[in-house]
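The residues making up each chain are set out below.
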Amino acid sequence: MSERTEDDQTHEFRTVSTKDLHVGKVVALRLDEVEMPDGSVAKREVVEHLGAVAIVAVDDEGRLVLIRQYRHPLGRRLWELPAGLIDHAGEDPLEAAKRELVEEVGLAAAQWSVLVDIAASPGFTDEVIRVFLATGLSVVDREVLGEEEADLVAKRFPLAEAVRMVLAGEILNGPAVGGILAARTVLDGGGETRPTDAPWRDRPTRMAKRGEDR
């Protein structure tokens, strides 16, 4: 069997029909029929998402802030990065990240940059999370906006300890795993971040557009 190359991948996976199965506040589920390379049509279930941001906030002592909160689909509390939804189609991701850092852990940051963009599970959802690196931290008043945030616990961990937790399976949230490992690479001099306005090709837009149309 010969190995295929990128030059062989010329087929356009055209959507021939689409049907909404559920439209909620944060996600929607649609059923697409997609044209395959052999001419057949396959069904694909797609979960649309508003898109989100997460923040690796590192203080002057090299510690990063993690939060522990309940995640109902897994039925337990997880250690994660401060994070949140992009509220509407026109919202600047950096402004969303600044808002979430204040709301969830009561911090502001003087320096911001883009670490990584993470597709949560591209086999079935368009959710992509932009992870920022935030440094030059200062304490500000935190505003608790809901029951979940009232239960939230925040704690600072040495970066090396957070990496150990990732590799030990104690942190499994995707943006946290990717963000922590990326931050370790950058802060050790093994890579560079991107500017806060770096292009975001795969930012979700379809779910946000639904909200504007309603």
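Keep in mind the model is a prediction, meaning the values are calculated, not measured.

Right, let's talk about helix α3 (residues 159–167) for a bit. Note that an α-helix has 3.6 residues per turn; residues three or four places apart therefore point the same way. Those residues of α3 that fall on the buried side of the exposure criterion are L159, A162, V163, M165 and V166. Buried positions in α3, seen along its axis, are confined to an arc of 160° and lie on one side of it. Packing partners of the buried residues in α3 comprise β5 (63–71), β6 (76–80), β10 (153–158) and α4 (174–187). In the stretch just after α3, G169 is the one whose phi turns positive, near 80°.

Right, let's talk about the domain arrangement of the chain for a bit. Accessible area lost upon the coming together of the parts is a frequently used measure of interface size. As assigned here, the chain comprises domain 1 (14–48) and domain 2 (51–204). In this structure, domain 1 and domain 2 have C-alpha centres spaced 30 Å apart. The interface is formed by five residues belonging to domain 1 together with four residues belonging to domain 2. In total, domain 1 and domain 2 occlude about 350 Å² of area from one another, counting both sides; carbon and sulfur atoms represent 55% of this.

Inspection of the secondary structure assignment puts A42 in strand β3 (residues 41–49). Its relative accessible area of 15% is what places A42 among the buried residues. Spatially, the C-alpha atom of A42 lies 51 Å from that of V140, the residues being 98 residues apart in sequence. Apart from residues no more than four positions distant in its own chain, A42 is found in contact with D32, E33, V34 and M36.

This part covers the pairing of strand β4 (residues 52–57). Counting buried residues in β4 gives six out of six residues, a clear majority hidden from the surface. Sheet topology places β4 next to strand β9 (residues 128–139); six bridges connect them, and they run parallel. Paired with V56 across the strands is L133, a residue of β9.

This part covers the packing of aromatic side chains. Tallied over the full model, the rule gives two aromatic pairs. Their ring planes at 80° and their centres at 5.0 Å tell us that W79 and F157 sit as a pair that is edge-to-face. Taken together, the residues span a long stretch of sequence, with W79 in strand β6 and F157 in strand β10 at a distance of 78 residues. Ring centres of W112 and F132 lie 6.1 Å apart, and the angle between their planes is 80°; on these two criteria the pair is classed as edge-to-face. Placement of W112 in strand β8 (residues 107–119) and of F132 in strand β9 is noted, with a sequence separation of 20 residues between them. In this pair, the class of W112 matches that of F132, namely buried.

Here is what the cut-offs are and how they apply
Residues numbered from 1 in each chain as written. Predicted model: local features only at pLDDT ≥ 70, side-chain atom pairs only at ≥ 80, totals over all residues. Heavy atoms only, no water. Buried < 20%, exposed > 50% of the residue type's maximum accessible area, 1.4 Å probe, protein only. Helix = DSSP H or I, 4+ residues; strand = E, 2+ residues; numbered from the N terminus. Arc of directions from axis to C-beta. Contact = heavy atoms within 4.5 Å. Domains from an automatic or database assignment. Buried area = accessible area lost by both parts, 1.4 Å probe. Pairing = 2+ DSSP bridges. Phe/Tyr/Trp six-rings, centres within 6.5 Å; stacked < 30°, edge-to-face > 60°.

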